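Overview (structure and organization)
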Amino acid sequence: LLKKNGYFNMAFVTNPLASSRRLNINNSYDIAPSVITFSVPRALIGDGAESIGKIDKLLYELFADKIKEHNWIISEGFILRKLLSFVVSDVTLTTVPPDKVFNDFEAVLDSDYPEPYFAWIHVYPPHIPYLPPESYVGMFDNSLKLRTYKKQRNVYDSRTKYYEYENFPDEIQPSIDTLRARYDEFIRYCDKEFENFINQLNKKNKLDNTVVIVSADHGQSFEHAYLAHMGPHLYEQVTNIPLIIKEPAQSKGMFINDLVDQVDIPATIADFAGIPPSSWFEGGSLIPVMRGNHLKPRATFSMNLDKNKGLGMEIKKGTFAVWEGDYKLIHYLEENKSLLFNLKEDRDEMHNIIDERPEIGRHLLDLIYDNLKEINKRNKKESESG
């Protein structure tokens, strides 16, 4: 939409699962470097994703665009991995530092680039492994524990054992607490790098007519016996993410407590650009809210659908969450199980009130199934039409 309206589009993405090529929207971008461009290998071999090694980077450069899964070459069961295992060194510093992405974007701004432009900058940190520079390590936990990739990965890989628990067992809780501290240290590092980035743009007068929107793809959980974000749950630790919008020449900030959704971001960008809303927008512009108006009450949704076959296929598995007013319902489709929380009274989601407020639970569940029915109907129609 932006490209059709004269925008020069750039995508600087460090996560291979979110790259413009993986999402099949690469043709909409004028500049979209390969994700591997932003990696800084710190060992001979990593895991090809969360920790990048020299061989990982080489294999990605050779095969990433030629075969779907280049990581099979260095998978645990492949002979090359076994042969190299004796020389694998542990990693103590992130292999995808945010300043690498920011610097590459700044280099474009220092060149002769077209305007107006849109830039999507997606940094991998503070995703696990939580490995900031040494000056940040120990800021929230001064022990020597969990300071390397392998040690953090050992805790992370055990996460599925606790899915059926309400809380982490006592024997693992100290490791969870330390890992949370490492996460906080990593966030502090990322915040500082972002501050440096914004300061550089200000010094170059690159923000005089630029809107900056900051958000995240997910949070990380250290509660409910649920670690990180991969898995079935949609608790607030994962779904309640930042949304910060900075307008040109804006000098004062304000907090807005209306319930909003990431589907509102495209409509907001279009509104800032003076482009009429498109029929495919699922959300609405947030500019009126920023001007002091309140959104009409509405439900918002989140979902984890990675158990399904793929985009455009019938949705039969997964987890859904719906928010309306003070209430949030989490529904597990396969188990036909629901959790209901009053977030105003119970922000930590400790008290499931589905039996106490069955009418609210039924209403929110109907919202999920009504939308699910509609999207499956649409997917089936598009599939049949080819």
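Now for a look at the structure at hand.

The residue Y332 is located in strand β9 (residues 327–332) in this model. Using a relative accessible area of 5% as the deciding quantity, one classes Y332 as buried. Along the backbone, Y332 and K150 are 182 residues apart, and their C-alpha atoms lie at a distance of 32 Å. With near-sequence residues (within four places) excluded, Y332 lies in contact with P232, H233, Y235, G318, T319, K337 and L339. One polar contact links Y332 to H233, side chain to side chain, over a distance of 2.7 Å.

Turning our eyes to something else, we now look at the sheet that holds strand β10 (residues 337–342). Strand order in the open sheet formed by four strands is β7-β8-β9-β10, with antiparallel pairing between adjacent strands. Of all the strands in the sheet, just β7 (300–304) and β10 have a single pairing partner and so form its edges. Strand after strand, the sheet turns through a mean of 15 degrees between neighbouring axes, direction not considered. Looking at chain direction, β9 and β10 are connected through six bridges and run antiparallel. Across the sheet, Y327 pairs through a bridge with N342, a residue of β10. Each of β7, β8 (319–324), β9 and β10 is contacted by helix α9 (residues 358–384), which is oriented at about 55 degrees to β9, the strand it contacts most.

Next up on the list: the pattern of salt bridges. Per the counting criterion, the structure on display carries 16 salt bridges. The salt bridge involving D30 is made with K3; its shortest N-O contact spans 2.8 Å. With D30 in the loop between β1 (8–13) and α1 (54–63) and K3 in the segment before β1, this residue pair connects regions lying 27 residues apart in the sequence. The class of D30 is partly exposed, set by a relative accessible area of 37%. Here R182 ties to E185 by a salt bridge, and the two come within 3.0 Å at their closest N and O atoms. Separated by three residues within a single helix, R182 and E185 lie in helix α5 (residues 173–203), roughly one turn from each other.

Applying the stated rule across the entire model yields 19 aromatic pairs. Ring geometry for F12 and F105: centres 5.6 Å apart, planes at 75 degrees, overall edge-to-face. A residue pair is termed long-range when its members are at least 10 positions apart, and F12 in strand β1 and F105 in helix α3 (residues 98–109) qualify at 93 residues. Residue classification places F105 among the buried residues on the basis of a relative accessible area of 3%. Between Y113 and Y117, the ring centres sit 5.5 Å apart and the planes meet at 85 degrees, which makes this aromatic pair edge-to-face. Each member of the pair, Y113 as well as Y117, carries the same accessibility label: buried. What links up through ring pairs into an aromatic cluster is the set F12, F38, F102, F105, Y113, Y117, F194 and F197.

The rules behind these values
Residues numbered from 1 in each chain as written. Predicted model: local features only at pLDDT ≥ 70, side-chain atom pairs only at ≥ 80, totals over all residues. Heavy atoms only, no water. Helix = DSSP H or I, 4+ residues; strand = E, 2+ residues; numbered from the N terminus. Buried < 20%, exposed > 50% of the residue type's maximum accessible area, 1.4 Å probe, protein only. Contact = heavy atoms within 4.5 Å. Polar contact = N/O pair within 3.5 Å; in protein donor to acceptor, adjacent residues only side chain to side chain. Pairing = 2+ DSSP bridges. Axes fitted to C-alpha atoms, helices over the stretch in contact; angles between N-to-C directions. Salt bridge = Lys/Arg side-chain N within 4 Å of Asp/Glu carboxyl O. Phe/Tyr/Trp six-rings, centres within 6.5 Å; stacked < 30°, edge-to-face > 60°.

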